[in-house]
Amino acid sequence: MAAGESEERADAAFSRPVRTMIHFIVFSSVYIAVCALVMIAQTNKLLLLEYNTGNYFLFVFFSTLCSYNFHWGMTPFSETDLIRLSWTNRHKTLHLIFFLVGLVGAAWFFIPFMGDWLWLSIGAVLTFLYSAPKVPFLRPLKNIAIGKTLFLALVWMYVTSALPILLSHRNWLPADYLFCTSRFLLIYAICILFDYRDRDYDRKEGIKSMVTLLSEKGVTRLYVITLILFAVSTTALALNGLNIFTVILLVIPGVIMVPMYNIARKNFSDYLYYILLDGMMMFSSLLTLFI
């Protein structure tokens, strides 16, 4: 199904006020910022972490608004029938406002973590590297192979899993390493689908990733291997302190991602990608927090 057709069908399912609200929440990156907070809450709960959680939630929320609105605000204008790009073309000023609000908020809530500035700075650098090719004088960075996929998956794992452990100032346990590995692999599998959707544009722009470098079969193998490693690292948590029921809940998103591979390669709808697939990152978090 063509992207434009799937977008029109999805849009038709909502009244205009509802559609406007969904576009604002999702495309302004409020939705993805909430996803990050839910994922952090899961990390805190499952790994029994104690640190300045309130300020960290606010720091991550504003940082996510800042980085994502910077990324989309720097996206060049283009004629398109895709909902998100059309929305971005019309709301550059809003992206700028949210970027500035996020920047100020992130700077303010960084202050309580001055003693851990190095760990937070690593996250900031990884985040910037993902969007750096959009900055005119940094466009040569687009030639860094596989960077686009790995930087995004790594920064999401780092901010929502590794950094809370580091801020708790405790010694790392085997379960901590396994949990971080599990989360990285799930996010990486999701990123593969995003890269597959964007592969033609990325090749045209000279942006390299594993998906642009591999053949169709190679991409499938990479996806399958990633999900297998996700399953192994996640189930291993049952041997390192987590109860079996919790581990089953953690595995569920990986099971859903198996059929999602063929679906997402045929349907490039922004609703599918920016609501369902992005939401898949926090799905196990919702399960473990509320069940």
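Residues numbered from 1 in each chain as written. Predicted model: local features only at pLDDT ≥ 70, side-chain atom pairs only at ≥ 80, totals over all residues. Heavy atoms only, no water.

Draft legend 1. Quick look at the overall build of the protein chain. Of regular secondary structure, the protein chain possesses 13 helices and 0 strands. Counting from the amino terminus, the protein chain carries its helices and strands in the arrangement α-α-α-α-α-α-α-α-α-α-α-α-α. When burial is assessed residue by residue, the protein chain has 51% of its 291 residues classed as buried. Residue pairs in contact within the protein chain that sit at least 24 positions apart in sequence constitute 75% of those at least 6 positions apart. Carbon and sulfur atoms make up 71% of the accessible area of the protein chain, which amounts to about 13900 Å² in all. (Helix = DSSP H or I, 4+ residues; strand = E, 2+ residues; numbered from the N terminus. Buried < 20%, exposed > 50% of the residue type's maximum accessible area, 1.4 Å probe, protein only. Contact = heavy atoms within 4.5 Å. Areas by Shrake-Rupley, 256 points an atom, 1.4 Å probe, with all protein chains shown as cover.)

Draft legend 2. Structural detail: the nonpolar core. The biggest cluster of nonpolar side chains holds 82 residues, and the ones touching the most others in it are Tyr56, Trp156, Leu193, Met257 and Leu277. Sorting elements by how many residues they give to this core places helix H9 (residues 174-205) first, with 15 residues. In contact with Leu193, other than residues within four places in its own chain, are Tyr223, Met257, Met260, Tyr261, Ala264, Tyr273 and Leu277. (Core = buried A, V, L, I, M, F, W, Y, C linked by side-chain atoms within 4.5 Å.)

Draft legend 3. Looking closely at the packing of helix H12 (residues 244-266) against helix H13 (residues 270-290). Their axes nearest at 7 Å, the elements H12 and H13 cross at an angle of 165 degrees. In terms of orientation, H12 and H13 fall into the roughly antiparallel class. In the crossing of H12 with H13, the sense of the turn from one axis to the other is right-handed. Across the interface between the two elements, Thr246, Leu249, Leu250, Ile252, Pro253, Ile256, Met257, Met260, Ile263, Ala264 and Arg265 from H12 touch Leu272, Tyr273, Leu276, Leu277, Met280, Phe283, Ser284, Leu287 and Thr288 from H13. Per-class residue counts for the contact of H12 with H13 are 16 nonpolar, 3 polar and 1 charged. (Axes fitted to C-alpha atoms, helices over the stretch in contact; angles between N-to-C directions. Parallel < 35°, antiparallel > 145°, perpendicular 65-115°, else oblique. Left-handed = near helix turned anticlockwise from the far one by under 90°. Nonpolar A, V, L, I, M, F, W, Y, C, P; charged D, E, K, R; others polar.)

Draft legend 4. Representation of the packing of aromatic side chains. Under the definition given, this model contains 18 aromatic pairs. Taken together, Tyr51, Tyr56, Phe59, Phe110 and Phe113 form an aromatic cluster joined through their ring pairs. Residue placement shows Arg199 over the ring face of Tyr196; its charged tip is 3.9 Å from the ring centre. (Phe/Tyr/Trp six-rings, centres within 6.5 Å; stacked < 30°, edge-to-face > 60°. Lys NZ or Arg CZ within 6 Å of the ring centre and 35° of its normal.)

Draft legend 5. Quick peek at unusual backbone geometry. Although it is not a glycine, Ser29 adopts a positive phi angle of roughly 75 degrees. Of note, His169 is a non-glycine position whose phi angle comes to about 55 degrees, a positive value. When its relative accessible area of 58% is taken as the criterion, His169 is described as exposed.

Draft legend 6. Spotlight on the packing of helix H3 (residues 30-46) against helix H4 (residues 53-73). One can describe the packing of H3 onto H4 by two numbers: an axis separation of 9 Å at closest approach and a directional angle of 150 degrees. The way H3 lies across H4 gives a crossing that is right-handed. From H3, Val30, Ile32, Ala33, Ala36, Leu37, Ile40, Ala41 and Asn44 reach across to H4, where they touch Thr53, Tyr56, Phe57, Val60, Phe61, Thr64, Leu65 and Tyr68. Of the residues contributing to the contact of H3 with H4, the split by class is 13 nonpolar, 3 polar and no charged.

Draft legend 7. Local environment of the pattern of salt bridges. Considering all chains together, one arrives at 4 salt bridges under this definition. With a closest N to O distance of 2.5 Å, Arg170 and Asp176 form a salt bridge. Linking Asp270 and Arg197 is a salt bridge whose minimum nitrogen-to-oxygen distance equals 3.0 Å. Separated by 73 residues along the polypeptide, Asp270 in helix H13 and Arg197 in helix H9 bring together distant segments of the chain. For the pair shown, Asp270 and Arg197 are each scored as buried. One continuous salt-bridge network, built from bridges that share partners, spans Arg197, Asp198 and Asp270. (Salt bridge = Lys/Arg side-chain N within 4 Å of Asp/Glu carboxyl O.)

Draft legend 8. Summary view of the confidence of the model for the protein chain. Overall, the prediction assigns the protein chain a mean pLDDT of 89, with 89% of residues at 70 or greater. Per-element averaging of pLDDT across the protein chain places helix H1 (residues 3-12) at the bottom with 58 and H3 at the top with 98. (pLDDT = per-residue confidence, 0-100.)

Draft legend 9. Looking closely at helix H11 (residues 216-235). Compared with the 28 Å implied by 1.5 Å per residue over 20 residues, the 29 Å span of H11 between its first and last C-alpha is a close match. Listed in full, the buried residues belonging to H11 are Gly218, Val219, Leu222, Tyr223, Thr226, Leu227, Phe230, Ser233 and Thr234. Taken down its axis, H11 places every buried residue within 165 degrees of arc, on the same side. Exposed residues on H11 whose side chains face more than 90 degrees from its buried face are Lys217 and Arg221. (Expected span 1.5 Å × (residues − 1). Arc of directions from axis to C-beta.)

Draft legend 10. Just the side chain of Asp278, in detail. Counting through the fold element by element, Asp278 comes out in helix H13. Buried Asp278, no salt bridge; nearest opposite-charge side chain is Arg84, N-O distance 5.4 Å. The contact partners of Asp278, leaving out residues within four places of it in the chain, are Tyr31, Ile32, Cys35, Phe194 and Tyr273. (Lys, Arg positive; Asp, Glu negative; His and termini not counted.)

Draft legend 11. Structural view of the environment of Ile25. Along the chain, the position of Ile25 falls in helix H2 (residues 16-27). Among the residues examined, Ile25 registers a relative accessible area of 34% and is labelled partly exposed. Apart from the residues within four sequence positions on either side, Ile25 is in contact with Val30 and Tyr31.

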